[in-house]
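Coordinate inspection notes
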Amino acid sequence: MTDSFAVHIPSAELEPDPLDPAQILSGTPEVSGKVLWESEDGRQLRGIWQITPGVVTDTEADELFVVLSGRATIAFEGGPTLEVGPGDAAVLHAGDRTTWTVHETLRKAYAITLPA
């Protein structure tokens, strides 16, 4: 028996996932998401995440994501700046401190690994 499945990401319904107000630097960004799969130990997550325009800070987990729609600039503290949009894949590392400037509502599919 398998728990394999498919989801149409652009039309998937997401649940509100409010930001910590301390993370918001500009605008009134709203986050929503949906965990599609979680490993038994809770360390592996697969899902969909969306954020509306604004500027927010975050501390990242190990993550691979693919942008389905929207655009953002991701600035890494002491590191590079990435421009991401539809079709772009990005890799983030645990502990990366980032500032996301979301230009157009961004929706991504992600695979996250949390530390043990």
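So, here's what we can say about the structure. Keep in mind that this is a model prediction, so the values were computed, not measured.

Details of the pattern of salt bridges
Inspection of every chain in the model, using the stated rule, returns two salt bridges. Between Glu63 and Lys108 there is a salt bridge, with the nearest N and O atoms lying 2.9 Å from each other. One end of the pair, Glu63, is in strand β6 (residues 62-76); the other, Lys108, is in strand β9 (residues 97-113), with 45 residues separating them in the sequence. Its relative accessible area of 4% is what places Lys108 among the buried residues.

Observations regarding the environment of Glu13
Mapped onto the elements, Glu13 comes out in the segment before β1 (15-16). Through-space distance from the C-alpha of Glu13 to that of Ser32 is 9.2 Å; in sequence the pair is 19 residues apart.

Digging into the pairing of strand β5 (residues 54-59)
Sheet topology places strand β2 (residues 24-26) next to β5; two bridges connect them, and they run antiparallel. Counterpart to Ile24 in the pairing with β5 is Val56.

Brief notes about the environment of Phe5
Relative to the helices and strands, Phe5 resides in the segment before β1. Its relative accessible area of 47% is what places Phe5 among the partly exposed residues. A sequence separation of 31 residues divides Phe5 from Leu36, and the C-alpha atoms of the two residues are 9.4 Å apart.

Structural notes on the pairing of β6
Within a regular strand, side chains alternate between the sheet's two faces. Inspection of the sheet shows β6 paired to β9 by 13 bridges, in the antiparallel sense. Bridge pairing in β9 links Leu64 to Ala111. When β6 meets strand β8 (residues 89-92), the two strands line up antiparallel, connected through four bridges. Pairing of Phe65 across the sheet is with Ala90, part of β8. Across four bridges, β6 lies against strand β7 (residues 81-84) in antiparallel orientation. Within β7, the position partnered with Ala75 by the bridge is Thr81. Joining the antiparallel neighbours β6 and β7 is a turn of four residues, in which Gly78 adopts a positive phi near 70°.

Calculation criteria
Residues numbered from 1 in each chain as written. Predicted model: local features only at pLDDT ≥ 70, side-chain atom pairs only at ≥ 80, totals over all residues. Heavy atoms only, no water. Salt bridge = Lys/Arg side-chain N within 4 Å of Asp/Glu carboxyl O. Helix = DSSP H or I, 4+ residues; strand = E, 2+ residues; numbered from the N terminus. Buried < 20%, exposed > 50% of the residue type's maximum accessible area, 1.4 Å probe, protein only. Pairing = 2+ DSSP bridges.

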